Structures are given as C-alpha cells and as structure tokens.
Amino acid sequence: MKKSLFSNLRYLFAVVVVVSVLSSCQTTDDQVRWLRGNMHTHTFWSDGDDFPESVARWYKDNDYDFLVFTDHNILLETPTTGPVRGNHRLIEGELWQRLAQDHPAVEKYTGLFGTDMVDILPDEDGFVLVRLQPLDEFRGIFEEPGEFLLIMGNEITDQHAVHLVAIHQDEVVPTVGGSAGERADMIKKILEGADDYRVRSGRNTYPALAHPNWQWAITAEMILEAEDLRYFEVYNGHPAVNNPGDEYRASTDRIWDIVLSLRLGAGNGKILYGVATDDAHHYHSSGATPGRGWVMIRSRELGEQSILDAIDKGDFYSSTGVVLSDLGYDGEKISVEIEPQEGVTYTTEYIGTLRGFDPSGKPALDGEGNEIPNTTQTYSEEIGQVLASSNNLSSSYTFNGDELYVRVKITSSADQIDQVTGDVIGKQVAWIQPVVPGTSAIAGR
Ligand SMILES: [Zn+2]
Ligand SMILES: [Zn+2]
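Keep in mind that what you see is a predicted model, and the values were worked out from it rather than measured. (Residues numbered from 1 in each chain as written. Chains lettered and ligands numbered in written order. Predicted model: local features only at pLDDT ≥ 70, side-chain atom pairs only at ≥ 80, totals over all residues. Heavy atoms only, no water.)

> Is there a simple way to explain the coordination of the zinc ion (ligand 1) in this structure?
For a metal bound by four donors in a tetrahedral arrangement, the ideal donor-metal-donor angle is 109.5 degrees, while six donors in an octahedral arrangement ideally sit at 90 or 180 degrees. Those protein atoms acting as donors to the zinc ion (ligand 1) are E155 (OE), H163 (ND1) and H211 (NE2), and they sit at 2.0 to 2.2 Å. Mapping the donors of the zinc ion (ligand 1) onto the primary sequence gives the spacing E-x7-H-x47-H. The metal-metal distance between the zinc ion (ligand 1) and the zinc ion (ligand 2) comes to 3.5 Å, with E155 coordinating both. (Donors = N, O, S within 2.8 Å, 3.2 Å for Na, K, Ca; no water.)

What follows is the structure in structure tokens.
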C-alpha cells in the first residue's frame, strides 16, 4: 500500500514537471530569449592550455552568452592547499603557472590584457611564472548585463574516468574513490555529496555525467543504477570520448534511449537530459578545441538563477551547430522550427520508445562473439525507434498515447568545423530534450 502511494506521488511529481515544461515551452513572450553557453571548460587552473581570461575572451568574441569554468577538482579562487599540479607554484598563498617563455598563451595573454594587468616573473631556464587570477578578480572585465556571464563550476574528477561536471559552486564537491567495478556506486555517492552540499548551501550544482564513452568507462546500466542522475553529456567535444560508439558498443545517443526507456517504462520515471559541451582544453592547436558543443537555454534574462531554473526544468536544447528559431510542446504535439542556413538541408528525427517494449538486455559481443567487458548491453530495436522524420524546416510530431517519451534529433548537411584548426570534424546536430507525454498517459500507468 505504502509503495503504491509512493509510486502515485512520484507520478504526480512527474506530471507537475511535464506541465511546468509545457507552460514554459508555450510562452509567446517576446522577452524570452535563447542563451548560448558552454558548460565544460578547462584552463591553466587544471589541464587546459590557456589563461581563463583568454578563454573568456574567446567565448565572448564567439557569440556565447555564458561560460562555465569547470577545472578538475578546483574552483578558480585562492587555493587553500599547496600546488595542485606539477606546473603550479604557490607563492604567498596565490597560484602561479610555470610556463616556457615562448608558450603561445603568454604572448596572447600579455597581448590581450597588457603587462599592467598580467603578473609575470622570470624563472630559470627560459621559463616564466604567471599568476592565475581568481574568477572574482577578472569577471568584471567580461561580464555585461544581458550580454555575457561567467559562472563558477568544477569537474568532479574521480578515479576510473568517473567525471561529473557541476556548476554554480562556492565549494568543490568531493570525489569518493573506488575500484573500476564500483563506478555506478561512485556516481551515486558523488550525487549524494552534491545533494548534501545543496542542502547545506542552498546551491544546486546540477551535476552532469561527463563523456560516458571515454575509455568506455560508463554504461547505460551504471546510469540506471545511479537513479538520481538527471544530466549527461550526449555530446562532448573532446576527440577521445567516443560519442558515436563503435561497431560493437553503444553511442551516447543509444545510451540515452536505453536509460530513458527503462526509467520511464519500468523504473523511477526520472528524465535524463542530454547536454552538449566543449570540454575545451586546447586553445592553440588541434585537440579539444573550443566551439564544438553547447547548450541553448530558454530564459527571460541572462542571469545565473534563470539559467539554473531552465536547466532544472529541462528547458534547453543541445547543439553542435543547428539553431532553432522555435520549439514547443502543447500537450499533444512537439513543434520544431529550424533557423535556415543558405544551401543547407536538415533531417529531423522524432525518436522514442513505445509502451510494451522488450526491456531485456544481453551482453554486448565483439566480432568473434566474445562478451565485451564493462559495456552497455544490447537491447531490442524497439528502444529508441525513429517514429517520424522530416526534411522541412518546420515539422511536428503528434503523440498517439503509446509513447513513453519522444526526443528530437536534427542533423544538418553542414559540416561542423574545428574553430582553431579549420578542420571538418563532423556534421552539425541538435538534440532536443525528451518530452514525456501528457497527464493521462502517466496517470494510466
Ligand atoms: Zn572529464
Ligand atoms: Zn573535462
């Protein structure tokens, strides 16, 4: 009895969430705008290869509205412990970066900001020491009301490639450690730590599981075990992260559909939202360059709280180039309108899973029929079917009542270009967050 009451409350909660997303999607208020932001960025504060001010300059100059700094297990503020990395020096309580005098970041930094602002000291053997300025010291140079915003975050960087990107913090959420076999448990414990911090500080950091396919570390089954995980990177711009999977292993898109189907069909009903990020590390050469993946957040204003509110509601889409002029759900129908680009065509796919699907998984096998360890299982093709598709700029999907969810993926004929090297790195894509159909379908379960 207790259990069913709990289930009903849970479904009621799901209904409330869906209704709130609907009402925000239905808005016709001209004041509502789309904010473009990158939520995964590295600098010299950890293993990025540039100063945060130069990085902020790049994003501001390239039409972003906000940027979240997410260095590994550190906030951009005066450190309380000793040097964090081999090339860091702690001088009178401040963090300095040791660099070759001719490192391209030094010339760029002094060129952009002048030697008055940059603290630089000679060091031995052709090296220099440059002070790393905390975010609060430099944010005023870049931030402008309604124009550009910088947000403190960090990448909770645990063992065995368990990384979660968290935003809006004044404290690093601790790692938990564990063995390779304990990754699911590590994700759960990190989420618990983030929740303890939320209760204590009032700050929800919205942790997103980063690059699940990097080192083939994280599986759909681990995400299903980590029941409270609400966000993951469906696209991470680092070239080593295997977003598309491979011949035998699931893509991040496939992982998303498996998790959504099992959670909504038989699990806790929680939606998993997909984020696109840069995970930018490399600002002077090829590698994890900036400008690859971002989120478009629907908001009335450019402010930290309004961004967090939209993330909480799932009122955003993710992109590597495709831009939408409108996106809505009226309770029966999802409508999508693409902002056209000259000479470019689009394929819009409405992807979902219908009730009554086969939820069973089998171990993934390689070409010789051997089981691949630590890999997302193989599931029925009923999961994540293309329910409809369109090549028009405007299209829609009307729910027929059988869908557990529908999400939209738009693939463009236009190339995705590396913004530093000019190389072609893929096709431009947009991912729209899953829509769980209206009240009656949920109440009927
Ligand atoms: Zn990472
Ligand atoms: Zn990262």
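> I would appreciate a short explanation of the pairing of strand β14 (residues 324-329) in the present structure.
Within a regular strand, the side chains alternate between the two sheet faces. Relative to strand β15 (residues 333-338), β14 runs antiparallel, the two sharing 5 bridges. Counted as the bridge partner of L327 is V336 from β15. Linking two consecutive strands that pair antiparallel, namely β14 and β15, is a turn of 3 residues; a positive phi of about 100° is found at G331 within it. (Pairing = 2+ DSSP bridges. Helix = DSSP H or I, 4+ residues; strand = E, 2+ residues; numbered from the N terminus.)

> In this structure, what is going on with the coordination of the zinc ion (ligand 2)? I would like to understand it.
The zinc ion (ligand 2) binds to the protein through H40 (NE2), H42 (NE2), E155 (OE) and D279 (OD); the donor distances cover 2.0 to 2.2 Å. Viewed at the metal, the 4 donor atoms of the zinc ion (ligand 2) are separated by angles of 81 to 169°, and the geometry they form is irregular. Written as a sequence motif, the donor arrangement for the zinc ion (ligand 2) is H-x1-H-x112-E-x123-D. (Tetrahedral: all angles 85-135°; square planar, octahedral: opposite > 155°, others 65-115°.)

> Would you mind going over the pattern of salt bridges with me for this structure?
Pairing is possible between side chains that carry opposite charge, provided their charged atoms lie close to one another. Enumeration according to the criterion identifies 23 salt bridges in this entry. The salt bridge involving D253 is made with R407; its shortest N-O contact spans 3.0 Å. Separated by 154 residues along the polypeptide, D253 in helix α7 (residues 252-266) and R407 in strand β21 (residues 403-417) bring together distant segments of the chain. Across this residue pair, the class does not change: D253 and R407 are buried. In this structure, the salt-bridge partner of R292 is D418, at a minimum N-O distance of 2.8 Å. One end of the pair, R292, is in the loop between β11 (273-277) and β12 (294-299); the other, D418, is in the loop between β21 and β22 (424-435), and 126 residues separate them in sequence. With respect to burial, R292 and D418 carry one shared label: buried. If you follow the salt bridges from partner to partner, you end up with E94, D119, R131 and E137 in one network. (Salt bridge = Lys/Arg side-chain N within 4 Å of Asp/Glu carboxyl O. Buried < 20%, exposed > 50% of the residue type's maximum accessible area, 1.4 Å probe, protein only.)

> Is there a simple way to explain helix α3 (residues 104-117) in this structure?
In an α-helix, one turn spans 3.6 residues, which is why side chains three or four residues apart end up on the same side. Of all the bends in α3, the greatest, near 75°, is centred on G111. Three or more residues of α3 are buried, namely A105, V106, Y109 and F113. Buried residues belonging to α3 abut α2 (52-61), β4 (94-100), β5 (120-122), β6 (127-131) and α4 (135-142). (Bend = angle between axes of the 7 residues up to and from the residue. Contact = heavy atoms within 4.5 Å.)

> Any chance you could explain the sheet that holds β14 here in plain terms?
Paired through backbone hydrogen bonds, the strands of a sheet run either parallel or antiparallel to each other. Reading across the sheet, the 3 strands line up as β14-β15-β20 and stay open at both edges, with antiparallel pairing between neighbours. If you trace the sheet from one side to the other, it starts and ends with β14 and β20 (394-398), each paired once. Strand-to-strand twist of the sheet, defined as the mean angle between neighbouring strand axes without regard to direction, takes the value 10°. Pairing analysis gives 5 bridges linking β15 to β20, with the strands arranged antiparallel. By the bridge assignment for β20, S335 is matched with S396. (Axes fitted to C-alpha atoms, helices over the stretch in contact; angles between N-to-C directions.)

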